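Chain and residue survey
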Amino acid sequence: MEDKYVIGIDFGTDSVRALVVNAVTGETAGTAVSEYPRWKSGLYCNAALSQFRQHPLDYTESMEASVKAALSGVPDKVRRSIKGIAVDTTGSTPVAVDRAGTPLALLPEFETNPNGMFILWKDHTANAEAEEINELAHRWETDYTQFVGGVYSSEWFWSKILRTLRIDERVREKAFSWVEHCDWISAELAGNTDPLSMKRSRCAAGHKALWHQDFDGLPSNAFFEELDPLLGGLRERLFEYTYTSDQSVGTIAPEWADRLGLPEDVVIGVGAFDAHMGAVGALAEPYALCKVIGTSTCDMLVAPNEEVGHLLIKGICGQVDGSIVPGMLGMEAGQSAFGDVYAWFAKLVIEPVKSLLGEEQAKVVADKLITHLAAEAALLPVSEKDLLAVDWLNGRRTPDANHTLKGALLGLNLATNGAAIFKALVEATAFGSKSIVERFKAEGVPVHEVIAIGGVSKKSPFVMQTLADVLNMPIKVAVSEQACALGAAMFASVASGIHQSLPQAQQAMSSGFDAVYHPRPDIVGIYDKLYDKYLKAGDFIEKEFLKESTFPLQIG
Ligand SMILES: Nc1ncnc2c1ncn2[C@@H]1O[C@H](COP(=O)(O)OP(=O)(O)O)[C@@H](O)[C@H]1O
Ligand SMILES: O=C(CO)[C@@H](O)[C@@H](O)COP(=O)(O)O
């Protein structure tokens, strides 16, 4: 087959990565990363309020920069052979748009208003609204949370919309509809952002917006009106149909072909969430748990509909037909903070250094700190009397979403040093992972193997070994540094007709696996005991320690 190329674009929390791939051989022709400038300087965010917003210009500018940089070294012949683009993004990361589908922050009167920007997945300002949605859904004639694990989260679409409409009159007046990041970028690239006709991702809609075939789409207008009259009528301005990512949204808009220096017949695929496309890029087979391990984790599982489609799996972030692999049931779980737990501890150490010695000296320490702590922690013996941590520093995503929960450290004494704390934090993140595996199994979904992708799986052998020991399962790490972008590229190759099916694209383009971490038999038993203590500590936090708190809890 003549060489044909595609581009996968992966919008992460901090940056966007572009990957130019030969769709016939899987070879990478070019790649580049670009950070979001406004986000990097902390604009529009307030961690103490758990408010995390991203400006649409951060996305478009960084996408342009990363695609151009990825293409900068490739021969002209390759550039002319690019046939398709697909994007993945974080989610639920919705934005209010006007009638034309323009995110409000792109209008002059909203350009600095955080409520007119994308509300990033990890924004937890809508805890109270999530609680209201749960309360109503559970007593409504149809429990609309049944396909999202029985708990609606403040990280998701409707919580964020309801909260924003309540607190911002100007957004309320101007917002015609709401769009997920993965849908908006794809629509923007294809030049049709009309909210009523743009193609919406099955993945985003099913996992975060309560869309399901059995509901004839989104929950009823009556449900939303009962929740709050402010939501009345919005359903009609959203969507009824959804699309899997093997479909196309259209051909690249001339403006974007020109901006990116691409042929005018490039096909744009339907977008999806990063972790979902990551599982595709990592070649996750049915019943392989694919853990995307970075700031947070997303734990993805694919299974044939006919085998598990009848189950209602409690406490996960959804089960959606076709959300990962078209034609299969896609399931998502995850942890709200994973690498972010280590980043928190590193920051705790660095901040005083910065204040006392200045930015430059602090950077020298910061660059080496996590690796140093991991090396020290790896030398410590593992015992069931060790310091214990609970990883809910950013709440708990699964099992059973609850973003008001807090983390903990138990067992400090005067000998406790930084390495011991770091070790306990790493173990806590691994225990959080184990509780997800245990939940899948308890709900009748077997987990046959574990695959890891994402920054932490590449950066930290210590974390990965601990995870293998705690899970008592081998973990395979995918070769690709950019499995999410690679998954997007695979979808682009199907949407643009280079490959006839996703499995065909995966076979041609997969990068395979390199490291495998095997559990150490002498440690596994100790971790079983520590895991029991972790469950008890979590129970105490949830049932006793936070019992008296009124809702919503103060974050920070
Ligand atoms: N050496 C390391 N060991 C463990 N975790 C690390 C290390 N270096 C960075 N991290 C963590 O990796 C996370 C970022 O993961 P990455 O996959 O690169 O980004 P993203 O989640 O935005 O896609 C951060 O939370 C950081 O704390
Ligand atoms: O929640 C999802 C997908 O459902 C992710 O987009 C979200 O965790 C973001 O993850 P990363 O920043 O890529 O670690």
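Residues numbered from 1 in each chain as written. Chains lettered and ligands numbered in written order. Predicted model: local features only at pLDDT ≥ 70, side-chain atom pairs only at ≥ 80, totals over all residues. Heavy atoms only, no water.

Things to note about the domain arrangement of the protein chain
Interfaces are frequently sized by the accessible area removed from exposure as the parts join. Taken as a whole, the protein chain is organised into domain 1 (5-272) and domain 2 (285-479 + 520-556). Counting from both sides, the interface comprises 26 residues of domain 1 and, opposite them, 29 residues of domain 2. Scanning the region where domain 1 abuts domain 2 turns up 3 salt bridges. A salt bridge links D340 to K122; the shortest N-O distance between them is 3.6 Å. Where domain 1 touches domain 2, the interface holds 11 residue pairs in polar contact (both at pLDDT 80 or more). Top contributing element to the side of domain 1 that touches domain 2 by residue count: helix 8 (residues 202-208), with 5 residues. Partitioning the side of domain 1 that touches domain 2 into residue classes produces 9 nonpolar, 11 polar and 6 charged. (Domains from an automatic or database assignment. Contact = heavy atoms within 4.5 Å. Salt bridge = Lys/Arg side-chain N within 4 Å of Asp/Glu carboxyl O. Polar contact = N/O pair within 3.5 Å; in protein donor to acceptor, adjacent residues only side chain to side chain. Helix = DSSP H or I, 4+ residues; strand = E, 2+ residues; numbered from the N terminus. Nonpolar A, V, L, I, M, F, W, Y, C, P; charged D, E, K, R; others polar.)

Topic: the nonpolar core
Ranked by size, the top nonpolar core spans 67 residues in total, and within it M331, F422, F440 and V445 carry the most contacts. Here this core gets 11 residues from one element, more than from any other, and that element is helix 15 (residues 418-442). Formed by 41 residues, the second largest nonpolar core is a distinct cluster that contains V6, A275, M300 and A488. (Core = buried A, V, L, I, M, F, W, Y, C linked by side-chain atoms within 4.5 Å. Buried < 20%, exposed > 50% of the residue type's maximum accessible area, 1.4 Å probe, protein only.)

Section: the UniProt feature "domain: Carbohydrate kinase FGGY N-terminal" (unreviewed entry) in the protein chain
Sequence positions flagged by UniProt for "domain: Carbohydrate kinase FGGY N-terminal" (unreviewed entry) are, in local numbering, residues 5-281. Secondary structure content for residues 5-281 is 34% helix and 19% strand, while the C-alpha to C-alpha distance between its ends is 16 Å. (UniProt positions renumbered as here; feature names shortened; annotations may be inferred.)

Brief notes about the site of ligand 2
Taken together, T13, T90, G91, W121, K208, F273, D274, T295, S296, C298, E332 and R397 make up the full set of residues near ligand 2. Here an oxygen atom of ligand 2 sits 2.2 Å away from a polar atom, N or O, in the side chain of T13. S296 has a polar side-chain atom sitting 2.9 Å from an oxygen atom of ligand 2. Across the shell around ligand 2, the residue classes break down as 3 nonpolar, 5 polar and 4 charged. (Near = heavy atom within 4 Å.)

Details of the side chain of S457
Here S457 shows up in helix 16 (residues 455-459). Engagement of the side chain of S457 in a polar contact is seen with the backbone oxygen of G454, the distance being 2.7 Å. Among all residues touching S457, those that are not within four sequence positions of it are I293, A452, M464 and V477.

Some remarks on the side chain of T164
Turning to its location among the elements, T164 is positioned in helix 5 (residues 157-167). Polar contacts involving the side chain of T164 include one to the main-chain carbonyl oxygen of K160, which spans 2.6 Å. Beyond its immediate sequence surroundings of up to four residues, T164 is in contact with N115, I119, V171 and W178.

Digging into the state of the cysteines
What the rule picks out here adds up to 0 disulfides. For the unlinked cysteine C203, the closest cysteine sulfur is that of C182, found at 6.5 Å. Residue C203 is classed as buried on the basis of its relative accessible area, which comes to 3%. (Disulfide = S-S within 2.5 Å.)

A closer look at helix 5
Of all 11 residues in helix 5, 8 are buried, a share of seventy percent or more. Every buried residue belonging to helix 5 is among F157, W158, S159, K160, I161, L162, T164 and L165, and all of these are buried.

Looking at the pattern of salt bridges
Applying the stated criterion to the full structure yields 33 salt bridges. The closest approach of N and O atoms between E449 and K476, which form a salt bridge, is 3.2 Å. Of the two residues, E449 sits in strand 18 (residues 449-453) while K476 sits in strand 19 (residues 475-478), which places them 27 residues apart along the sequence. The exposure class of E449 is partly exposed, given its relative accessible area of 25%. A cluster of three or more residues bridged by salt bridges with shared partners is formed by E64, K68, E255 and R259.

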